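The primary structure of each chain is shown beneath.
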Amino acid sequence: MPLAPARRPVLPVTASQAVAELHRCGLEEGDVVLVHSALRPFGEVEGGAATIAQALRETVGPSGTVVAPAFTFRHEVVENPVIDPVNDHSEMGAISEAIRRMPGALRSTAYRHSFSAVGSRAATVTGIDPALAVFDLRSTFGRLLALDAKIVLLGLTYVSCTSHHFGEYLVQIPDRHVVERPVRLRGADGDLTPAILLDYQPRPTDDGREYEHEHDFDRAGALLEQAGLVQVGAIGNAVIRVFAMRDLIHLLLDRYGLEPDIFYLDPTVGPTRLADGVSVFTGELLDGAGRLVETNWSCLDPALMHR
């Protein structure tokens, strides 16, 4: 469902507004939802990130589950880092951190791709063997797929949808591979235990680039939208998109054999332009490893983004 052309944001955003729009975009009680989010595109929000986190929880109800990435890229630049699931803050934005801090929230253990979850299926989603690769079908992504999770993009484009990397892992694209990383795991009692965790990293290139091919995850997202498989709306100034993880993964698996460049930028046409919202590059924003965050906010009006 595309946005109405004359849609104008109503600010400040309230919890009731957020719940109503999430329902309108297809979220229902009992859903398992994986949320990728950015607070800034919303504009002013009454109560800030906690309001959006609580709205998600209210929308899916007590039988539903809200899942958010709680990734920690700073571990990549530390030799033998300490992985502390209880105390490591999420680097995935204020809403992600608010979900991590919700009462009853659980968190998986991973080198950098950990997840927070709150709700009826939280233990299922997070209680995985940390020795598994994060995109293994027995790990969090595989369990989300089995639970028929819905992906919710709040103020972000598909560039931030990590499930594309899940698809890359499943089809074994040639420019990423699994690597071993020595770490120390901090238990609930504070003790440190040496361990080897797996990470899914770009293969080194001869010329020093991170990837041999530039990625364009909006390309597959646009195909989902053209097939009518994405509900699009807006909460305040933030464009939101809701779709089934299963639809994205099926699209990638079905097309990869004939279109092995499905994950990549088409140099003949440039970056994919989505039909709804304005994509705003995040600029000089750095992740915990000191790298440029190459993602895009999605909003109605860039002038109304929170500064």
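Residues numbered from 1 in each chain as written. Predicted model: local features only at pLDDT ≥ 70, side-chain atom pairs only at ≥ 80, totals over all residues. Heavy atoms only, no water.

Participant: Quick question: what am I supposed to make of unusual backbone geometry here?
Facilitator: Note: most peptide bonds trans; most residues except glycine with negative phi. In this structure, Pro12 follows Leu11 across a cis peptide bond, with omega equal to 0 degrees. In the Ramachandran plot, Asn80 falls in the positive-phi region, its phi being about 50 degrees despite a non-glycine side chain. With respect to the helices, strands and loops of the structure, Asn80 is situated in the loop between β2 (65–69) and β3 (82–83). Although it is not a glycine, Asp148 adopts a positive phi angle of roughly 55 degrees. (Helix = DSSP H or I, 4+ residues; strand = E, 2+ residues; numbered from the N terminus.)

Participant: Can you walk me through a nonpolar patch on the surface in this structure?
Facilitator: A surface patch of nonpolar side chains, amounting to about 280 Å² of accessible area, comprises Phe281, Leu286 and Leu292. Residue position: Phe281 is located in strand β11 (residues 278–281). Assessed through its relative accessible area of 44%, Phe281 is described here as partly exposed. (Patch = residues over 30% accessible without salt bridge, like charges linked within 9 Å, V, L, I, M, F, W, Y side chains within 5 Å. Areas by Shrake-Rupley, 256 points an atom, 1.4 Å probe, with all protein chains shown as cover. Salt bridge = Lys/Arg side-chain N within 4 Å of Asp/Glu carboxyl O. Buried < 20%, exposed > 50% of the residue type's maximum accessible area, 1.4 Å probe, protein only.)

Participant: I tried to follow the packing of helix α7 (residues 218–226) against helix α8 (residues 245–256) on my own but got confused; where do I start?
Facilitator: Each pair of packed helices gets described by two things: the angle between the helix axes and the distance between those axes. Axis separation between α7 and α8 bottoms out at 10 Å; the angle between their running directions is 110 degrees. Our classification of the angle between α7 and α8 gives roughly perpendicular. Where α7 abuts α8, its residues Ala220, Leu223 and Leu224 lie against Asp247, Leu248, Leu251, Leu252 and Arg255. Across the contact of α7 with α8, the residue classes break down as 6 nonpolar, no polar and 2 charged. (Axes fitted to C-alpha atoms, helices over the stretch in contact; angles between N-to-C directions. Parallel < 35°, antiparallel > 145°, perpendicular 65-115°, else oblique. Contact = heavy atoms within 4.5 Å. Nonpolar A, V, L, I, M, F, W, Y, C, P; charged D, E, K, R; others polar.)

Participant: Please explain the pairing of strand β5 (residues 115–119) as it appears in this structure.
Facilitator: When you tally the buried positions in β5, you get 4 out of 5 residues, the bulk of the element. Pairing of β2 with β5 involves 5 bridges; the strand directions are antiparallel. Its bridge partner being in β5, Thr65 is matched across the sheet by Gly119. The sheet contact formed by strand β4 (residues 106–107) and β5 spans 2 bridges and is antiparallel. By the bridge assignment for β5, Leu106 is matched with Ala117. (Pairing = 2+ DSSP bridges.)

Participant: How should I be thinking about the sheet that holds β3 in this particular structure?
Facilitator: Through backbone hydrogen bonds, the strands of a sheet pair up, either in parallel or in antiparallel fashion. Strand order in the open sheet made by the 3 strands is β3-β7-β8, with mixed pairing throughout. Lying at the two open borders of the sheet, with one neighbouring strand each, are β3 and β8 (192–202). Relative to strand β7 (residues 176–186), β3 runs parallel, the two being bridged by 2 bridges. Bridging across to β7, Val82 finds its partner in Arg184.

Participant: What's the story with the packing of aromatic side chains in this structure? I'm lost.
Facilitator: The relation between two aromatic rings is expressed through the spacing of the ring centres and the mutual angle of the planes. Under the criterion given, the structure shown has 10 aromatic pairs. Considering the side-chain rings of Phe135 and Tyr200, the 5.5 Å spacing of their centres and the 70 degrees angle between planes classify their relative orientation as edge-to-face. With a gap of 65 residues between them, Phe135 in the loop between α4 (122–126) and α5 (140–146) and Tyr200 in strand β8 connect regions that are remote in the sequence. With respect to burial, Phe135 and Tyr200 carry one shared label: buried. Ring geometry for Tyr256 versus Phe263: centroids 6.1 Å apart, planes at 55 degrees, classification tilted. (Phe/Tyr/Trp six-rings, centres within 6.5 Å; stacked < 30°, edge-to-face > 60°.)

Participant: Hey, could you run me through the pattern of salt bridges in this one?
Facilitator: Side chains that differ in sign of charge can pair as their charged atoms come close. Taken as a whole and judged by the stated rule, the model has 17 salt bridges. For Arg112, the salt bridge goes to Glu76, with nearest N and O atoms at 3.2 Å. With a gap of 36 residues between them, Arg112 in the loop between β4 and β5 and Glu76 in the loop between β2 and β3 connect regions that are remote in the sequence. The partner of Arg241 in a salt bridge is Glu225, and the shortest N-O contact between them spans 2.7 Å. Highlighted residues: Arg241 in strand β10 (residues 238–244) and Glu225 in helix α7, separated in sequence by 16 residues. Comparing Arg241 with Glu225 shows no difference in burial state: the two are buried.

Participant: Could you clarify how one ought to interpret the state of the cysteines in this entry?
Facilitator: What we call a disulfide is simply a covalent bond connecting the sulfur atoms of a pair of cysteines. On inspection of all chains with the given rule, the structure shows 0 disulfides. With no disulfide of its own, Cys25 lies 16 Å from the sulfur of Cys161, the closest cysteine sulfur. Relative accessible area serves as the criterion here: at 1%, Cys25 is assigned to the buried category. Looking at Cys299, it has no disulfide partner, and the nearest cysteine sulfur is the one in Cys25, 16 Å off. Given a relative accessible area of 0%, Cys299 falls into the buried group. (Disulfide = S-S within 2.5 Å.)

Participant: Is there a simple way to explain the nonpolar core in this structure?
Facilitator: Soluble globular proteins tend to pack their nonpolar side chains together in the buried interior. In terms of nonpolar packing, the biggest core is built from 46 residues, with Val67, Leu144, Phe243, Met245, Leu248 and Phe263 touching the most fellow members. It is α8 that provides the largest number of residues to this core, a total of 6 residues. Filtering out sequence-adjacent residues up to four positions away, Phe263 remains in contact with His164, Gly167, Glu168, Val171, Ile173, His215, Asp216, Phe217, Leu252 and Tyr256. Core analysis: the second largest hydrophobic core is formed by 29 residues, Leu22, Phe42, Ala98 and Val242 among them. (Core = buried A, V, L, I, M, F, W, Y, C linked by side-chain atoms within 4.5 Å.)

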